[in-house]
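Read off the chains here:
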Amino acid sequence: MRKRKPVLLIDDGNDSQAAALLFAEKNVEYVPYHISKFEESCCGELPTTRAPSVFAPDGVFKGLDGVRQYLSVEHNDNSESESAYW
């Protein structure tokens, strides 16, 4: 079993790069997911979701400010899952 990790939805923009850097600075493990993968899959585009965004067991945090908000609080998710994704 693995500890659940947040998913960081990214694109090629500066905010996504900054979000990844914030995760690295805080030593928080995450699963990166490029928004273009949605376009390649059956789901198509995500018109209401913007990158960067964090999808985590404790909520969805949109935009760079949302990433900062997510990283500003301590997360004590001790739940385990067969998947690394939340």
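Because the structure is predicted, anything quoted here is derived from the model rather than measured. (Residues numbered from 1 in each chain as written. Predicted model: local features only at pLDDT ≥ 70, side-chain atom pairs only at ≥ 80, totals over all residues. Heavy atoms only, no water.)

### Let's talk about the overall build of the chain
- The helix and strand tally for the chain stands at three helices and six strands.
- Order of helices (α) and strands (β) in the chain, N terminus to C terminus: β-β-α-β-α-β-β-α-β.
- When burial is assessed residue by residue, the chain has 33% of its 86 residues classed as buried.
- Summing over all exposed atoms, the chain offers an accessible surface of approximately 5,700 Å²; the carbon and sulfur share of this is 47%. (Helix = DSSP H or I, 4+ residues; strand = E, 2+ residues; numbered from the N terminus. Buried < 20%, exposed > 50% of the residue type's maximum accessible area, 1.4 Å probe, protein only. Areas by Shrake-Rupley, 256 points an atom, 1.4 Å probe, with all protein chains shown as cover.)

### Some thoughts on the packing of aromatic side chains
- As enumerated under the stated definition, the model contains three aromatic pairs in all.
- Centre to centre, the rings of Phe61 and Tyr70 are 5.2 Å apart; their planes meet at 55°, and the pair counts as tilted. For the pair formed by Phe61 and Tyr70, the shared burial category is buried.
- An aromatic cluster is built from Phe23, Tyr30, Phe61 and Tyr70, whose rings are joined through pairwise contacts. (Phe/Tyr/Trp six-rings, centres within 6.5 Å; stacked < 30°, edge-to-face > 60°.)

The values are spatial; any link to function lies outside them.
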